Amino acid sequence: MLENLLDPIILCFALGVASGLLKSDLRLPEALYETLSIYLLLAIGLKGGVELAKSPPGELVVPTLLTVALGIVTPIVAYAVLRRLGRFDRADAAAIAAHYGSVSAVTFAIVLSYLARVGASFEGFVTVLLVVLEIPAIAVGILIARLRSTQGPLRWGALLHEVFLGKSIYLLAGGLLVGWLAGPARMEGISPLFFGLFKGALALFLLEMGIIASQRVADLRRTGAFLVGFGIGMPLVNGALGALAGLAAGLSPGGTTVLATLAASASYIAAPAAMRIAVPKANPTLYLTASLGITFPFNVILGVPIYHWMAATLHRMAG
Amino acid sequence: MLENLLDPIILCFALGVASGLLKSDLRLPEALYETLSIYLLLAIGLKGGVELAKSPPGELVVPTLLTVALGIVTPIVAYAVLRRLGRFDRADAAAIAAHYGSVSAVTFAIVLSYLARVGASFEGFVTVLLVVLEIPAIAVGILIARLRSTQGPLRWGALLHEVFLGKSIYLLAGGLLVGWLAGPARMEGISPLFFGLFKGALALFLLEMGIIASQRVADLRRTGAFLVGFGIGMPLVNGALGALAGLAAGLSPGGTTVLATLAASASYIAAPAAMRIAVPKANPTLYLTASLGITFPFNVILGVPIYHWMAATLHRMAG
Amino acid sequence: MLENLLDPIILCFALGVASGLLKSDLRLPEALYETLSIYLLLAIGLKGGVELAKSPPGELVVPTLLTVALGIVTPIVAYAVLRRLGRFDRADAAAIAAHYGSVSAVTFAIVLSYLARVGASFEGFVTVLLVVLEIPAIAVGILIARLRSTQGPLRWGALLHEVFLGKSIYLLAGGLLVGWLAGPARMEGISPLFFGLFKGALALFLLEMGIIASQRVADLRRTGAFLVGFGIGMPLVNGALGALAGLAAGLSPGGTTVLATLAASASYIAAPAAMRIAVPKANPTLYLTASLGITFPFNVILGVPIYHWMAATLHRMAG
Amino acid sequence: MSPRDPTKRKLVTIVAESALEGPIAKEIKRLGARGYTIVEARGEGSRGVRQGTWEQNSNVEFQVVCSEDSARAIMSSLYDQFYEDYAMVAWAADVEILRGDKF
Amino acid sequence: MSPRDPTKRKLVTIVAESALEGPIAKEIKRLGARGYTIVEARGEGSRGVRQGTWEQNSNVEFQVVCSEDSARAIMSSLYDQFYEDYAMVAWAADVEILRGDKF
Amino acid sequence: MSPRDPTKRKLVTIVAESALEGPIAKEIKRLGARGYTIVEARGEGSRGVRQGTWEQNSNVEFQVVCSEDSARAIMSSLYDQFYEDYAMVAWAADVEILRGDKF
Ligand SMILES: Nc1ncnc2c1ncn2[C@@H]1O[C@H](COP(=O)(O)O)[C@@H](O)[C@H]1O
Ligand SMILES: Nc1ncnc2c1ncn2[C@@H]1O[C@H](COP(=O)(O)O)[C@@H](O)[C@H]1O
Ligand SMILES: Nc1ncnc2c1ncn2[C@@H]1O[C@H](COP(=O)(O)O)[C@@H](O)[C@H]1O
Ligand code: NA
Ligand code: NA
Ligand code: NA
């Protein structure tokens, strides 16, 4: 745990949070934020594609199906919790649920770097699961929000476009394809940029995310205690569901940890962009504060080791 | 050929083109475009300077003179074709001709990486030829456009300033000088950034160029079939002229391939900037669509292997 | 000396200066300037933190105290010179003095790379001295400017905030803390970005600083000959004081060179930001022209070898 | 009227969260404006501070020169569609142009 | 008055060096404006060219829609505090808005 | 007249392709304006969409506060020199300033 806290990536996140809370005048240019997020998404995809090239395609079927199932179940559970216990209205509950059903690519990068540090191996195709899990929850969230809504017919074409051609999925899936087509040998020329610098770029991005997350902390008072509890409890529930799915899919303990973390993570790129257009009545302060202000830091600092422990325990219990 | 298509740099270009055509919401910040183009131009110059330091200066004379000749002949040929066959007016024909007489530094980088992949060696001073070939065609294009023009006297001072101190030539020539003065040993400290990351940065830049090129595709219908034919035929002609010049200059097959590719490439940084000011009546849609929408993709995907084959064949024929 | 001039970092600075003087249309995006300055400050901090982790804390006490003393003495000397000899008014003299008492992190990076080139070792904790020396002179400058001023009460809270939480000190000190907490082994993942690319990024930043410095050269005529003399003489005096302090603090010749260079360097990030708010009557043209247009180039090209020679001579004299 | 006589038009300025860029551009053109200009913006308003640090808190500012009718239509249509749910403000002013047929 | 009737307000535009961003924002709000928009700018004026290449030569442009009284107060207060020592200009114009209670 | 009385001036706004930045700045100053402000812009008009993704499709927006005469001169001179061949539009509006001698 302490080991995790002393990772410079996590320390850079803390530096960003402190900068925001102390009102330092450190401001990263928006072009840097955009560049880093494009770089990280593309690099994750490329790396995943190279690994994927090494996996027999048959191995992918069961994990992919179970991941889709996770992407449908977790937002429904989240929605029920938010409506019944949290008393949120339909639009807010649906939008928040979509965020928690979807995934955070940066949290994915952090769990991979965590597993590399503790020396645990995992399946080469996990990046496919990242891409697969990103989408269904967003569709489920929109469907729930629009059921019996008076907002006029849902333009599915526009929405599918928004989701599949949003920058996040496009870069992840595109990178996956490029990496898979090119294969390991041809990627060597571009690997100093996309793989060698990856962890450093992640540290810089987390500095920025820390600043952004800290700006959300001010909103915590307004959004209330329930959301804080939800932002910690929901990832634990989803992480457990993800760990079970990983076990059921026959993944290794490392791969199970990855799937648990994916399930536990909450989106902050693809989901906010889609929800803002598809569910305009949902208040962005709620979903951004929960996802970025609570769940992201929780996962990055405490969650990942917990999901690793969950995965290890389940695997031990399952023999 | 397939091998060339599977290079991740080319795949990233395709990813950019697809992103534009599918109207994905992927948008790279303009600051990233500018940064990458500055970085690539400077890095090409620096690399060339280091290589130049290793070449005996005498070897440069004949290739340089023949390259200047190329830079005068190719825009005149292009102008004649555009006027006679294409029926373009003087300004448009002159401006397009200037683009095809000048060069694309990114295409140059791609032919070097292609030659490295196929294991062909080339002369250390080729970057000098890149710089030398960039300028004359722009001057020729302007001269043609202004002959008998009613536009008032040409302010040569301003124009020479525009061309020689435009970012493209300034960075290439400046980098060449820095690399040559510093020499290989002193460059080591900065080589991880400027040389180690080069191919990765090229891939990212091509993603961006793909998006920009795809925006030009929409203009193809308006600009007409002739321009499409010109955008493919002209580089083949210029490539052949370049290959002949390379042979005549005594270059190796690799160096001949580079000169052929340079001759075949069309400018999209220096020439558009100079033409917009010097030949205002020329329609930018025409020259940008031809250069970026047709010739650049053609060269990057098919042209480079063809010019390599031309160079090899000529060298074989010449014994 | 020639060796120093042929360092590509210095040549890039010259390329930037020439670009500005020749009015080339090379313009680096502001986002790149900001990104590079954030990167360099953070990287300097991180590197310093890793080195600091290796030093016994006791060794720091005397050098730190003497550095604080330097930070108080040098701006007072500078102020006296500017008032008496330069006939500047109180606000201008105080603001310029604050710049010369404070430090330039880029000059620090350049002296470290110089020492690495000539093979001189230095203490691991020198980055602490950089951070320590950045602050007191700014406070002294403000105090002087405000003594007997009619400008109303000084809001110290706001000022301390401005200084300690300004981007420059925050990133240096934050990076120091992160590097120190993480230690060498955990930093490995992020070192390709933060350490491997450092010199290249410095070259790119100096290209930009060259452009900015050249824009100041035009102001030289207006600011007068005295300021030119001051911009060269003051760093020599401060460098000598710094070398003496380094000797007294028991630093190695390399460490003494670093402290001399720090003392000789003039701030252009932290001090201008603080002075603009705290001493509004001071004319920024004066302090920016002196610091960036004269002292920075002088230090980078000639100063560093001179301070090295001072340190070596003092150490030889002291036996 | 000669094309060089100054002509009266309206300048509509709209500041809205970046997510609305596409929908607003479409609406502007649907309601008769022949063009628009966009600049990146940040700011503060009834929905809090929008610092422009990332995509979820940055704004865009549209400037549209158009006829009085289009101006009226654009302002009320955007108001009806987006005002309740999105960070957005708009205002209109009188301007003069040189080429009446252009706008 | 219905919320949809056009209402008159003032638009105050302030261009100033970036260092003043914080103080100006505070002052604007203190003097009764409910919001403001900021865009990055560069330019030229009596204090020379400000190219926007780094923090010491870049400008910000504020646009503030507010009541006539606030506009007057903002312009004179900023003028008094900053005009002498800082690069800054300001101007005001008449604008119409749709929702009177918003500004 | 006291320097603090509001004074009438014109605000000329010009949106043009980035390549014209230098020539426009020169022309503005030649025709009597004492300063100008520039912001980066993109947009759409009769010459198509200019997305601002690279140097060949980005715009700049000039704002110039000046006398009515200068405004008129600037608008017609730019119109004559650039309108036919370049992406460009311009409009003018009335503004009030506090310091008459500044503009
Ligand atoms: N009074 C105002 N004057 C100028 N811009 C404003 C004003 N109020 C709001 N804005 C801009 O409009 C955006 C959305 O406003 P709001 O919906 O009130 O939060 C803000 O982020 C500001 O950029
Ligand atoms: N006449 C003007 N019209 C528009 N903007 C101006 C004008 N004069 C100055 N500015 C802007 O205000 C900033 C500061 O002006 P100044 O204090 O006159 O140097 C300049 O950098 C310009 O961006
Ligand atoms: N009606 C308009 N309102 C505001 N800006 C416009 C308008 N028409 C054109 N523009 C801007 O002026 C640029 C050039 O216009 P054009 O020459 O018509 O293509 C466009 O890219 C827009 O940024
Ligand atoms: Na999830
Ligand atoms: Na060519
Ligand atoms: Na100093």
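In this report, we go over the structure that sits alongside the text.

The helix and strand inventory of chain D stands at two helices and five strands. Across chain D, helices and strands are ordered from the amino to the carboxyl terminus as β-α-β-β-β-α-β. Counting only C-alpha atoms and orienting by the principal axes, one finds that chain D spans roughly 45 × 25 × 20 Å. In chain D, once contacts between residues fewer than 6 apart in sequence are set aside, the share between residues at least 24 apart is 76%. Summing over all exposed atoms, chain D offers an accessible surface of approximately 4,000 Å²; the carbon and sulfur share of this is 49%. In chain D, which carries 14 positive and 16 negative side-chain charges, the distance between the mean positions of the two groups comes to 7 Å.

Structural alignment of chain A on chain C gives an RMSD of 0.0 Å, achieved by rotating through 120° and translating 0.0 Å along the axis. Interpreted geometrically, this transformation is the action of a three-fold axis. Scanning chain A for the C-alpha nearest the rotation axis identifies A31(A), at a separation of 3.7 Å. Of all interface residues in chain A, a mere 7% are interface residues in chain C too; the two copies therefore contact each other through different surfaces.

So, on to helix 10 (residues 167–187) of chain C. With 21 residues, helix 10 of chain C ought to run about 30 Å at 1.5 Å a step, yet its terminal C-alpha atoms sit only 22 Å apart, falling short of that. Along its length, helix 10 of chain C reaches its greatest deviation from straightness, about 60°, at L181(C), and the proline P184(C) lies no more than four positions downstream.

The next point concerns the site of ligand 3. In the vicinity of ligand 3, 20 residues are found, and the nearest of them are T37(D), K102(D), S46(F), R47(F) and N59(F). One finds residues of chains D and F in close proximity to ligand 3. Residue N59(F) places a side-chain N or O atom 2.9 Å away from an oxygen atom belonging to ligand 3. Every element with two or more residues in the shell around ligand 3 is listed here: strand 2 (36–45) and strand 4 (59–66) of chain D together with strand 2 (36–45) and strand 5 (88–97) of chain F. Of the residues forming the shell around ligand 3, the biggest block, four residues, is contributed by strand 2 of chain F. A per-class count over the shell around ligand 3 returns eight nonpolar, seven polar and five charged.

Side chains that differ in sign of charge can pair as their charged atoms come close. Within this structure, the stated rule accounts for 54 salt bridges over all chains. Here D7(A) makes a salt bridge to R117(A), at a shortest N to O gap of 2.7 Å. Of this pair, D7(A) sits in the loop between helix 1 (2–5) and helix 2 (8–21) while R117(A) sits in helix 6 (residues 105–118), and the two are 110 residues apart along the sequence. Its salt-bridge partner being K281(A), residue E84(D) comes within 3.6 Å of it at the nearest N-O pair. Of this pair, E84(D) sits in the loop between helix 2 (68–82) and strand 5 (88–97) while K281(A) sits in the loop between helix 15 (270–278) and helix 16 (284–317), each in a different chain. On the accessibility criterion, E84(D) (62% relative accessible area) is exposed.

What follows is about the coordination of the sodium ion (ligand 5). Residue and element names in this part refer to chain B. Note on the sodium ion (ligand 5): its protein donors are Y100 (O), S102 (O), L262 (O), A263 (O) and S265 (O). The metal-donor distances range over 2.4 to 3.0 Å. All donors of the sodium ion (ligand 5) belong to a single chain; written as a sequence motif, their spacing is Y-x1-S-x159-L-A-x1-S. Taken as a pair, Y100 in helix 5 (residues 90–101) and A263 in helix 14 (residues 253–264) lie far apart in primary sequence, 163 residues in all. On the basis of relative accessibility, which here comes to 0%, the residue Y100 falls in the buried class.

Another aspect to go through is the environment of P280(C). One can find P280(C) in the loop between helix 16 (270–278) and helix 17 (284–317). Accessibility expressed as a relative area gives 10% for P280(C), which makes it buried.

Another aspect to go through is the interface of chain A and chain C. With 27 residues of chain A in contact, the opposing surface of chain C contributes 25 residues. Linking chain A to chain C there are one salt bridge. For the salt bridge of R186(C) with E3(A), the shortest nitrogen-to-oxygen distance reads 2.9 Å. Counting every contact that joins chain A to chain C gives eight residue pairs in polar contact (both at pLDDT 80 or more). Looking at the side of chain A that touches chain C, the elements with two or more residues in it are helix 2, helix 3 (30–52) and helix 12 (198–223) of chain A.

Taken together, 20 residues lie around ligand 2, and S46(E), R47(E), N59(E), T37(F) and K102(F) are the ones closest in. More than one chain reaches ligand 2: the nearby residues come from chains E and F. Measuring from an oxygen atom of ligand 2, one finds a backbone N or O atom of M88(E) at 3.2 Å. At 3.4 Å from a nitrogen atom of ligand 2 is found a main-chain nitrogen or oxygen belonging to G35(F). Look at ligand 2: alone it shows 480 Å² of surface, and the protein chains cover 99% of it. Those elements that place two or more of their residues in the shell around ligand 2 are strand 2 (36–45) and strand 5 (88–97) of chain E together with strand 2 and strand 4 (59–66) of chain F. A total of four residues in the shell around ligand 2 trace back to one element, the largest contributor, which is strand 2 of chain E.

Another point: a nonpolar patch on the surface. Residues and elements named next belong to chain A. A surface patch of nonpolar side chains, about 370 Å² in accessible area, is lined by L143, W156, L160 and F164. No other element matches helix 9 (residues 156–164), which puts three residues into the nonpolar patch. With respect to the helices and strands, L160 occurs in helix 9.

Right, let's get into the packing of aromatic side chains. Enumeration according to the criterion identifies 37 aromatic pairs over all chains in this entry. Aromatic ring contacts, followed pair by pair, group F13(A), Y33(A), F205(A), Y268(A), F296(A) and W54(D) into a single cluster. In this structure, K47(B) is placed above the aromatic ring of F195(B), and the distance from its NZ or CZ to the ring centre is 5.0 Å.

Residues and elements named next belong to chain E. Two elements in contact, helix 1 (residues 21–30) and helix 2 (residues 68–82), have axes whose closest approach is 10 Å; the angle formed by their N-to-C orientations is 145°. Helix 2 is crossed by helix 1, and the crossing has right-handed handedness. Where helix 1 approaches helix 2, its residues P23, I24, E27, I28 and R30 are matched on the opposing element by I74, S77, L78, Q81 and F82. Counted by class, the contact of helix 1 with helix 2 contains six nonpolar, two polar and two charged residues.

All names here are of chain E. Burial of strand 1 (residues 7–17) is extensive: 10 of the 11 residues sit out of reach of the surface. Bridge count for strand 1 against strand 5 is 10 bridges, and the pairing is antiparallel. Bridge pairing in strand 5 places T7 opposite I97. Note: strand 1 against strand 4 (residues 59–66), eight bridges, orientation antiparallel. Considered in strand 4, the bridge of A16 is made with V60.

Residue and element names in this part refer to chain A. Here helix 5 (residues 90–101) crosses helix 15 at 155°, and the two axes come no closer than 9 Å. Of the possible angle classes, the one that applies to helix 5 and helix 15 is roughly antiparallel. Where helix 5 crosses over helix 15, the handedness of that crossing is right-handed. In contact with A95, A98 and H99 of helix 5, helix 15 contributes A271, P272 and M275.

Conventions we followed
- Residues numbered from 1 in each chain as written.
- Chains lettered and ligands numbered in written order.
- Predicted model: local features only at pLDDT ≥ 70, side-chain atom pairs only at ≥ 80, totals over all residues.
- Heavy atoms only, no water.
- Helix = DSSP H or I, 4+ residues; strand = E, 2+ residues; numbered from the N terminus.
- Contact = heavy atoms within 4.5 Å.
- Areas by Shrake-Rupley, 256 points an atom, 1.4 Å probe, with all protein chains shown as cover.
- Lys, Arg positive; Asp, Glu negative; His and termini not counted.
- Charge placed at Lys NZ, Arg CZ, Asp CG, Glu CD.
- Least-squares fit on C-alpha atoms with pLDDT ≥ 70 in both.
- Expected span 1.5 Å × (residues − 1).
- Bend = angle between axes of the 7 residues up to and from the residue.
- Near = heavy atom within 4 Å.
- Polar contact = N/O pair within 3.5 Å; in protein donor to acceptor, adjacent residues only side chain to side chain.
- Nonpolar A, V, L, I, M, F, W, Y, C, P; charged D, E, K, R; others polar.
- Salt bridge = Lys/Arg side-chain N within 4 Å of Asp/Glu carboxyl O.
- Buried < 20%, exposed > 50% of the residue type's maximum accessible area, 1.4 Å probe, protein only.
- Donors = N, O, S within 2.8 Å, 3.2 Å for Na, K, Ca; no water.
- Patch = residues over 30% accessible without salt bridge, like charges linked within 9 Å, V, L, I, M, F, W, Y side chains within 5 Å.
- Phe/Tyr/Trp six-rings, centres within 6.5 Å; stacked < 30°, edge-to-face > 60°.
- Lys NZ or Arg CZ within 6 Å of the ring centre and 35° of its normal.
- Axes fitted to C-alpha atoms, helices over the stretch in contact; angles between N-to-C directions.
- Left-handed = near helix turned anticlockwise from the far one by under 90°.
- Pairing = 2+ DSSP bridges.
- Parallel < 35°, antiparallel > 145°, perpendicular 65-115°, else oblique.

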